[in-house]
Amino acid sequence: MTRWESQDEGLFYTPSRWLAFLIVFAIAARFVYGWWRATHSGSSVSAPGGQHWLITASGTQLSLAVAAGLIGYYLVYSIGVRLRMELMDQRHRR
């Protein structure tokens, strides 16, 4: 999903806008949820099984899930960029 451009100055890449938007949205959603949970912590929501699952979900678990997603994304992305650069370097040597 990354756009690659080979020019005289070198090899350039542009990350996907949609993946970057998804990452920013995940972080923003986590902040909004944290704010919402902090402001609604005293109120009880009536649901058939007690409190709603979103209220009882741990903020730490959600933070760790978002952090794991970000770390995984950047790890895989950096590996992909590294492999692509090595492939382009091998082609250039030939």
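Above this text is the structure in question.
Residues numbered from 1 in each chain as written. Predicted model: local features only at pLDDT ≥ 70, side-chain atom pairs only at ≥ 80, totals over all residues. Heavy atoms only, no water.

### Observations concerning the pattern of salt bridges
- Scanning the entire structure with this criterion turns up 1 salt bridge.
- The closest approach of N and O atoms between Arg82 and Glu86, which form a salt bridge, is 3.4 Å. Remark: Glu86 and Arg82 occur in helix 3 (residues 59-93); sequence separation between them is 4 residues, near one turn of the helix.
- Looking at Glu86, the relative accessible area reads 37%, which means it is partly exposed. (Salt bridge = Lys/Arg side-chain N within 4 Å of Asp/Glu carboxyl O. Helix = DSSP H or I, 4+ residues; strand = E, 2+ residues; numbered from the N terminus. Buried < 20%, exposed > 50% of the residue type's maximum accessible area, 1.4 Å probe, protein only.)

### A closer look at helix 1 (residues 17-39)
- With 23 residues, helix 1 extends 33 Å between its outermost C-alpha atoms, agreeing within 8% with the 33 Å of an ideal straight helix rising 1.5 Å per residue.
- Considered for burial, the residues of helix 1 that qualify are Ile23, Arg30 and Tyr33.
- For helix 1, the capping residue at the N-terminal end is Ser16, with a side-chain oxygen 3.3 Å from the backbone nitrogen of Trp18. (Expected span 1.5 Å × (residues − 1). Polar contact = N/O pair within 3.5 Å; in protein donor to acceptor, adjacent residues only side chain to side chain.)

### Let's talk about the environment of Val81
- Looking at where Val81 falls in the secondary structure, it is placed in helix 3.
- Take Val81: its relative accessible area is 12%, and that puts it in the buried class.
- Sequence separation between Val81 and Thr2 is 79 residues; the distance between their C-alpha atoms is 9.0 Å.
- Sequence-distant contacts of Val81, that is, excluding residues within four places in its chain, are made with Trp4 and Tyr13. (Contact = heavy atoms within 4.5 Å.)

### With respect to the nonpolar core
- Residues Ile23, Leu70, Tyr73, Tyr77 and Val81 constitute the largest nonpolar core, which totals 5 residues.
- Counting residues per element, this core draws most heavily on helix 3, which supplies 4 residues.
- Ignoring any residue separated from it by four or fewer positions in sequence, one finds Ile23 in contact with Leu70, Tyr73 and Tyr74. (Core = buried A, V, L, I, M, F, W, Y, C linked by side-chain atoms within 4.5 Å.)

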